[in-house]
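# Chain and residue survey
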Amino acid sequence: MRAATPAVTFESGGVTLAGLLHLPAGPGPHPVVLLLQGFPGNERSLDLAQALRSAGYAAIAFHYRGSWGMEGTWSWANVLEDAATVARAVRAEPFAARHRLDPGRLALFGHSAGGFAALMTAAADPSIRAVVSVSAFDFGTVAASLDARTRAAYVEDWDGELLPLRGTSGEALVAEMERAGAAWRLAGLAPRLAGRPVLLIGTSQDAVTPAAVHHRPLVTAYSGALLDHHEWATDHALSDHRQRLIETVRGFLDGHL
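Below is a short write-up of the structure. Every value quoted in this text rests on a predicted model; they were computed, and no experiment measured them.

### Considering a negative patch on the surface
A cluster of acidic residues, Glu156, Asp157, Asp159 and Glu161, forms a negative patch at the surface. Within the secondary structure layout, aspartate 159 lies in helix α6 (residues 148-159). Owing to a relative accessible area of 39%, aspartate 159 belongs among the partly exposed residues under this scheme.

### Observations concerning the sheet that holds strand β1 (residues 7-12)
Sheet architecture is open: eight strands sit in the order β1-β2-β4-β3-β5-β6-β7-β8, paired in mixed fashion. Each edge of the open sheet is held by one strand with a lone partner, namely β1 and β8 (226-232). Put simply, the sheet's adjacent strands are angled 20 degrees from each other on average, direction ignored. Contacts from helix α1 (residues 46-54) reach β2 (15-22), β3 (30-36), β4 (58-62) and β5 (101-111) within the one sheet, and its direction differs from that of β2 by about 50 degrees.

### Examining the packing of helix α2 (residues 76-89) against helix α4 (residues 113-124)
The geometry of α2 relative to α4 is characterised by a closest axis approach of 10 Å and an angle of 55 degrees between their N-to-C directions. Classified by the angle their axes make, α2 and α4 are oblique. Taken as a pair, α2 and α4 cross one another with a handedness that is right-handed. When α2 is examined against α4, the residues Trp76, Val79, Leu80, Ala83, Ala84 and Ala87 are found in contact with a partner set consisting of Ala113, Phe116, Ala117, Met120 and Thr121.

### Quick word on the packing of aromatic side chains
A full pass over the atoms with the stated rule returns 18 aromatic pairs. Both rings, one in tyrosine 64 and one in tryptophan 74, keep their centres 5.6 Å apart while their planes meet at 75 degrees; by these two values the pair is edge-to-face. Highlighted residues: tyrosine 64 in the loop between β4 and α2 and tryptophan 74 in the loop between β4 and α2, separated in sequence by 10 residues. For the pair tyrosine 64 and tryptophan 74, a shared accessibility class is recorded, and that class is buried.

### Overview of the nonpolar core
If you look at the biggest cluster of nonpolar residues, it comprises 62 residues, and the most contacted ones within it are Leu119 and Tyr222. Here this core gets eight residues from one element, more than from any other, and that element is α4. Setting aside residues up to four positions removed in sequence, leucine 119 forms contacts with Val131, Ser133, Leu186, Leu189, Leu193, Val198, Leu200, Leu218 and Tyr222. Ranked by size, the runner-up nonpolar core spans 23 residues in total, among them Leu48, Ala130, Val132 and Leu257.

### Points about α4
Compared with an ideal rise of 1.5 Å per residue, which puts 12 residues at 16 Å, α4 spans 17 Å between its outermost C-alpha atoms and is within 8% of the ideal. Of the residues making up α4, those classed as buried are Ala113, Gly114, Gly115, Phe116, Ala117, Ala118, Leu119, Met120, Thr121, Ala122 and Ala123.

### Some thoughts on the packing of α1 against helix α11 (residues 242-256)
Two elements in contact, α1 and α11, have axes whose closest approach is 10 Å; the angle formed by their N-to-C orientations is 45 degrees. Between α1 and α11, the interaxial angle falls into the category oblique. The handedness of the crossing between α1 and α11 is right-handed. Residue-level inspection shows Asp47, Leu48, Ala51 and Leu52 of α1 in contact with α11, the latter providing Arg242, Ile246, Val249 and Leu253.

Thresholds, definitions, all that
Residues numbered from 1 in each chain as written. Predicted model: local features only at pLDDT ≥ 70, side-chain atom pairs only at ≥ 80, totals over all residues. Heavy atoms only, no water. Patch = residues over 30% accessible without salt bridge, like charges linked within 9 Å, V, L, I, M, F, W, Y side chains within 5 Å. Areas by Shrake-Rupley, 256 points an atom, 1.4 Å probe, with all protein chains shown as cover. Salt bridge = Lys/Arg side-chain N within 4 Å of Asp/Glu carboxyl O. Lys, Arg positive; Asp, Glu negative; His and termini not counted. Charge placed at Lys NZ, Arg CZ, Asp CG, Glu CD. Helix = DSSP H or I, 4+ residues; strand = E, 2+ residues; numbered from the N terminus. Buried < 20%, exposed > 50% of the residue type's maximum accessible area, 1.4 Å probe, protein only. Pairing = 2+ DSSP bridges. Axes fitted to C-alpha atoms, helices over the stretch in contact; angles between N-to-C directions. Contact = heavy atoms within 4.5 Å. Parallel < 35°, antiparallel > 145°, perpendicular 65-115°, else oblique. Left-handed = near helix turned anticlockwise from the far one by under 90°. Phe/Tyr/Trp six-rings, centres within 6.5 Å; stacked < 30°, edge-to-face > 60°. Core = buried A, V, L, I, M, F, W, Y, C linked by side-chain atoms within 4.5 Å. Expected span 1.5 Å × (residues − 1).

Below you can see the structure in the form of C-alpha coordinates.
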(Lines give C-alpha, C1' and ligand atoms only; values in the text may rest on other atoms or scores of the structure.)
Protein backbone atom coordinates (compact mmCIF):
# COMPACT_ATOMS: atom_id res chain seq x y z
CA MET A 1 0.00 0.00 0.00
CA ARG A 2 2.45 2.55 -1.30
CA ALA A 3 1.77 6.16 -2.18
CA ALA A 4 0.44 6.57 -5.70
CA THR A 5 -0.85 9.22 -8.10
CA PRO A 6 -3.53 7.59 -10.24
CA ALA A 7 -5.48 9.43 -12.88
CA VAL A 8 -9.19 9.33 -12.05
CA THR A 9 -12.36 10.40 -13.83
CA PHE A 10 -15.78 11.64 -12.78
CA GLU A 11 -19.04 12.04 -14.67
CA SER A 12 -20.86 15.36 -14.40
CA GLY A 13 -23.54 16.76 -16.67
CA GLY A 14 -22.93 14.04 -19.23
CA VAL A 15 -19.23 14.90 -19.48
CA THR A 16 -16.19 12.94 -18.28
CA LEU A 17 -13.94 15.06 -16.09
CA ALA A 18 -10.26 14.18 -15.69
CA GLY A 19 -8.72 14.27 -12.25
CA LEU A 20 -5.61 13.33 -10.33
CA LEU A 21 -5.55 11.59 -6.95
CA HIS A 22 -2.58 12.15 -4.64
CA LEU A 23 -2.87 9.04 -2.48
CA PRO A 24 -0.71 8.59 0.63
CA ALA A 25 0.89 5.34 1.68
CA GLY A 26 -0.74 3.07 4.21
CA PRO A 27 -4.00 1.16 4.54
CA GLY A 28 -6.18 4.17 5.36
CA PRO A 29 -8.93 4.98 5.20
CA HIS A 30 -7.48 8.40 4.50
CA PRO A 31 -9.18 11.75 5.00
CA VAL A 32 -9.88 13.47 1.69
CA VAL A 33 -9.30 17.03 0.49
CA LEU A 34 -10.94 18.06 -2.78
CA LEU A 35 -9.09 20.92 -4.47
CA LEU A 36 -11.23 23.36 -6.47
CA GLN A 37 -9.25 25.54 -8.83
CA GLY A 38 -10.21 28.99 -10.00
CA PHE A 39 -10.72 30.72 -13.35
CA PRO A 40 -9.41 29.69 -15.81
CA GLY A 41 -7.48 27.10 -13.80
CA ASN A 42 -3.84 28.12 -14.19
CA GLU A 43 -3.13 27.66 -10.46
CA ARG A 44 -4.16 24.14 -9.41
CA SER A 45 -2.50 24.17 -5.95
CA LEU A 46 -0.71 20.91 -6.66
CA ASP A 47 2.06 21.97 -4.28
CA LEU A 48 -0.57 21.82 -1.55
CA ALA A 49 -1.76 18.43 -2.84
CA GLN A 50 1.72 16.98 -2.52
CA ALA A 51 2.21 18.41 0.96
CA LEU A 52 -1.15 17.11 2.13
CA ARG A 53 -0.32 13.65 0.81
CA SER A 54 2.91 13.69 2.83
CA ALA A 55 0.79 14.49 5.89
CA GLY A 56 -1.55 11.54 5.31
CA TYR A 57 -4.36 13.20 3.37
CA ALA A 58 -5.66 12.05 0.00
CA ALA A 59 -5.85 15.14 -2.22
CA ILE A 60 -7.87 15.23 -5.44
CA ALA A 61 -7.74 17.84 -8.20
CA PHE A 62 -9.87 17.79 -11.36
CA HIS A 63 -10.83 19.91 -14.37
CA TYR A 64 -14.31 21.39 -14.69
CA ARG A 65 -16.50 21.03 -17.73
CA GLY A 66 -15.36 23.07 -20.69
CA SER A 67 -11.83 23.61 -19.36
CA TRP A 68 -8.39 22.32 -20.26
CA GLY A 69 -9.59 19.84 -22.89
CA MET A 70 -12.74 18.66 -21.13
CA GLU A 71 -15.91 18.41 -23.21
CA GLY A 72 -18.91 20.59 -22.48
CA THR A 73 -19.27 24.29 -21.82
CA TRP A 74 -17.62 26.44 -19.17
CA SER A 75 -19.99 28.41 -16.97
CA TRP A 76 -20.10 29.44 -13.33
CA ALA A 77 -23.16 27.25 -12.77
CA ASN A 78 -21.34 24.27 -14.29
CA VAL A 79 -18.40 24.89 -11.95
CA LEU A 80 -20.80 24.68 -9.00
CA GLU A 81 -22.51 21.56 -10.34
CA ASP A 82 -19.19 19.84 -11.07
CA ALA A 83 -17.84 20.66 -7.61
CA ALA A 84 -20.91 19.22 -5.89
CA THR A 85 -20.93 16.14 -8.14
CA VAL A 86 -17.26 15.32 -7.54
CA ALA A 87 -17.64 15.94 -3.79
CA ARG A 88 -20.29 13.21 -3.78
CA ALA A 89 -18.39 10.91 -6.14
CA VAL A 90 -15.18 10.74 -4.08
CA ARG A 91 -17.21 9.41 -1.12
CA ALA A 92 -19.26 6.90 -3.09
CA GLU A 93 -18.57 3.20 -3.39
CA PRO A 94 -16.63 1.65 -4.96
CA PHE A 95 -14.42 4.74 -5.49
CA ALA A 96 -13.77 5.35 -1.79
CA ALA A 97 -13.03 1.70 -1.01
CA ARG A 98 -10.83 1.21 -4.06
CA HIS A 99 -8.66 4.19 -3.12
CA ARG A 100 -8.69 3.69 0.67
CA LEU A 101 -10.61 6.91 1.36
CA ASP A 102 -12.70 7.78 4.40
CA PRO A 103 -16.05 9.10 3.08
CA GLY A 104 -16.84 10.61 6.46
CA ARG A 105 -13.82 12.93 6.43
CA LEU A 106 -14.02 15.21 3.39
CA ALA A 107 -12.83 18.82 3.29
CA LEU A 108 -12.99 21.27 0.41
CA PHE A 109 -10.20 23.66 -0.53
CA GLY A 110 -10.80 26.35 -3.11
CA HIS A 111 -8.89 29.29 -4.54
CA SER A 112 -10.50 32.34 -6.17
CA ALA A 113 -13.56 31.11 -8.12
CA GLY A 114 -12.75 27.77 -6.51
CA GLY A 115 -13.04 29.42 -3.08
CA PHE A 116 -16.50 30.61 -4.09
CA ALA A 117 -17.36 27.08 -5.23
CA ALA A 118 -15.98 25.54 -2.03
CA LEU A 119 -18.11 27.75 0.21
CA MET A 120 -21.22 27.32 -1.93
CA THR A 121 -20.79 23.53 -2.07
CA ALA A 122 -20.12 23.15 1.66
CA ALA A 123 -23.10 25.34 2.51
CA ALA A 124 -25.36 23.09 0.41
CA ASP A 125 -23.94 19.82 1.82
CA PRO A 126 -23.71 19.66 5.64
CA SER A 127 -21.92 16.29 5.46
CA ILE A 128 -18.76 18.07 4.25
CA ARG A 129 -16.63 18.30 7.38
CA ALA A 130 -14.60 21.48 6.74
CA VAL A 131 -13.96 24.11 4.08
CA VAL A 132 -10.97 26.27 3.19
CA SER A 133 -11.47 29.34 1.00
CA VAL A 134 -8.49 31.33 -0.27
CA SER A 135 -8.91 34.65 -2.06
CA ALA A 136 -12.52 33.74 -2.83
CA PHE A 137 -14.27 35.70 -5.57
CA ASP A 138 -17.62 36.90 -4.24
CA PHE A 139 -19.77 36.89 -7.39
CA GLY A 140 -22.88 38.22 -5.66
CA THR A 141 -21.08 41.19 -4.16
CA VAL A 142 -19.44 42.05 -7.49
CA ALA A 143 -22.74 41.72 -9.36
CA ALA A 144 -24.35 44.25 -7.03
CA SER A 145 -21.54 46.75 -7.55
CA LEU A 146 -21.38 46.82 -11.36
CA ASP A 147 -21.79 50.00 -13.34
CA ALA A 148 -21.20 50.45 -17.07
CA ARG A 149 -17.47 51.02 -16.64
CA THR A 150 -16.74 48.17 -14.25
CA ARG A 151 -18.99 45.80 -16.20
CA ALA A 152 -17.06 46.51 -19.39
CA ALA A 153 -13.78 45.96 -17.53
CA TYR A 154 -14.90 42.53 -16.31
CA VAL A 155 -16.02 41.55 -19.82
CA GLU A 156 -12.65 42.58 -21.23
CA ASP A 157 -10.64 40.89 -18.44
CA TRP A 158 -12.54 37.63 -18.65
CA ASP A 159 -12.35 37.58 -22.45
CA GLY A 160 -8.59 37.58 -22.01
CA GLU A 161 -8.63 34.38 -19.91
CA LEU A 162 -10.54 32.09 -22.26
CA LEU A 163 -7.73 30.21 -24.03
CA PRO A 164 -8.08 26.98 -21.96
CA LEU A 165 -11.90 27.24 -21.88
CA ARG A 166 -14.63 26.51 -24.39
CA GLY A 167 -18.16 27.62 -25.18
CA THR A 168 -18.26 30.95 -23.36
CA SER A 169 -17.27 34.62 -23.50
CA GLY A 170 -16.60 37.47 -21.15
CA GLU A 171 -20.06 38.85 -21.89
CA ALA A 172 -21.73 35.50 -21.15
CA LEU A 173 -19.88 35.12 -17.86
CA VAL A 174 -20.72 38.62 -16.64
CA ALA A 175 -24.37 38.17 -17.65
CA GLU A 176 -24.54 34.87 -15.74
CA MET A 177 -23.13 36.56 -12.65
CA GLU A 178 -25.70 39.34 -12.95
CA ARG A 179 -28.58 36.87 -13.28
CA ALA A 180 -27.49 34.99 -10.15
CA GLY A 181 -27.21 38.23 -8.19
CA ALA A 182 -27.70 37.96 -4.45
CA ALA A 183 -27.99 34.15 -4.59
CA TRP A 184 -24.22 34.08 -5.12
CA ARG A 185 -23.38 36.52 -2.32
CA LEU A 186 -21.06 34.61 0.00
CA ALA A 187 -22.09 36.40 3.18
CA GLY A 188 -25.56 34.94 2.69
CA LEU A 189 -24.16 31.45 3.32
CA ALA A 190 -23.40 32.24 6.96
CA PRO A 191 -26.47 30.54 8.49
CA ARG A 192 -25.73 27.28 6.68
CA LEU A 193 -22.09 27.31 7.76
CA ALA A 194 -22.80 28.12 11.40
CA GLY A 195 -21.03 25.75 13.79
CA ARG A 196 -18.85 24.27 11.03
CA PRO A 197 -15.07 24.63 10.55
CA VAL A 198 -14.24 27.35 8.00
CA LEU A 199 -10.81 28.74 7.14
CA LEU A 200 -10.77 32.05 5.23
CA ILE A 201 -7.54 33.46 3.81
CA GLY A 202 -7.54 36.90 2.24
CA THR A 203 -4.85 38.63 0.18
CA SER A 204 -4.35 42.37 0.61
CA GLN A 205 -2.06 42.98 -2.41
CA ASP A 206 -4.59 41.45 -4.76
CA ALA A 207 -6.22 43.26 -7.68
CA VAL A 208 -8.50 40.29 -8.48
CA THR A 209 -10.13 39.74 -5.07
CA PRO A 210 -9.11 42.71 -2.91
CA ALA A 211 -9.54 41.80 0.73
CA ALA A 212 -11.68 44.82 1.59
CA VAL A 213 -14.36 43.62 -0.84
CA HIS A 214 -14.05 39.84 -0.93
CA HIS A 215 -12.52 38.76 2.41
CA ARG A 216 -13.19 41.10 5.33
CA PRO A 217 -17.00 41.12 4.98
CA LEU A 218 -16.98 37.31 5.20
CA VAL A 219 -14.91 37.37 8.38
CA THR A 220 -17.65 39.49 9.94
CA ALA A 221 -20.53 37.50 8.46
CA TYR A 222 -19.18 34.06 9.45
CA SER A 223 -18.89 34.81 13.15
CA GLY A 224 -21.20 31.86 13.87
CA ALA A 225 -18.89 29.37 12.18
CA LEU A 226 -15.87 27.69 13.74
CA LEU A 227 -13.89 30.34 11.94
CA ASP A 228 -10.14 30.66 11.44
CA HIS A 229 -9.12 33.60 9.29
CA HIS A 230 -5.98 35.29 8.01
CA GLU A 231 -5.15 38.20 5.75
CA TRP A 232 -1.71 38.23 4.15
CA ALA A 233 0.16 40.91 2.22
CA THR A 234 0.53 38.94 -0.99
CA ASP A 235 -0.90 38.69 -4.49
CA HIS A 236 -3.85 36.69 -5.77
CA ALA A 237 -1.80 33.54 -6.40
CA LEU A 238 -0.06 33.82 -3.00
CA SER A 239 3.16 33.70 -5.01
CA ASP A 240 5.47 34.41 -2.06
CA HIS A 241 3.30 32.75 0.60
CA ARG A 242 2.97 29.18 -0.67
CA GLN A 243 4.76 27.51 2.25
CA ARG A 244 2.78 29.58 4.74
CA LEU A 245 -0.39 28.57 2.93
CA ILE A 246 0.53 24.89 3.13
CA GLU A 247 1.34 25.07 6.84
CA THR A 248 -1.83 27.01 7.66
CA VAL A 249 -4.12 24.70 5.72
CA ARG A 250 -2.51 21.60 7.18
CA GLY A 251 -2.84 22.94 10.72
CA PHE A 252 -6.51 23.74 10.17
CA LEU A 253 -7.25 20.31 8.70
CA ASP A 254 -5.32 18.52 11.44
CA GLY A 255 -7.59 20.20 13.95
CA HIS A 256 -10.88 19.41 12.23
CA LEU A 257 -10.48 16.37 9.95
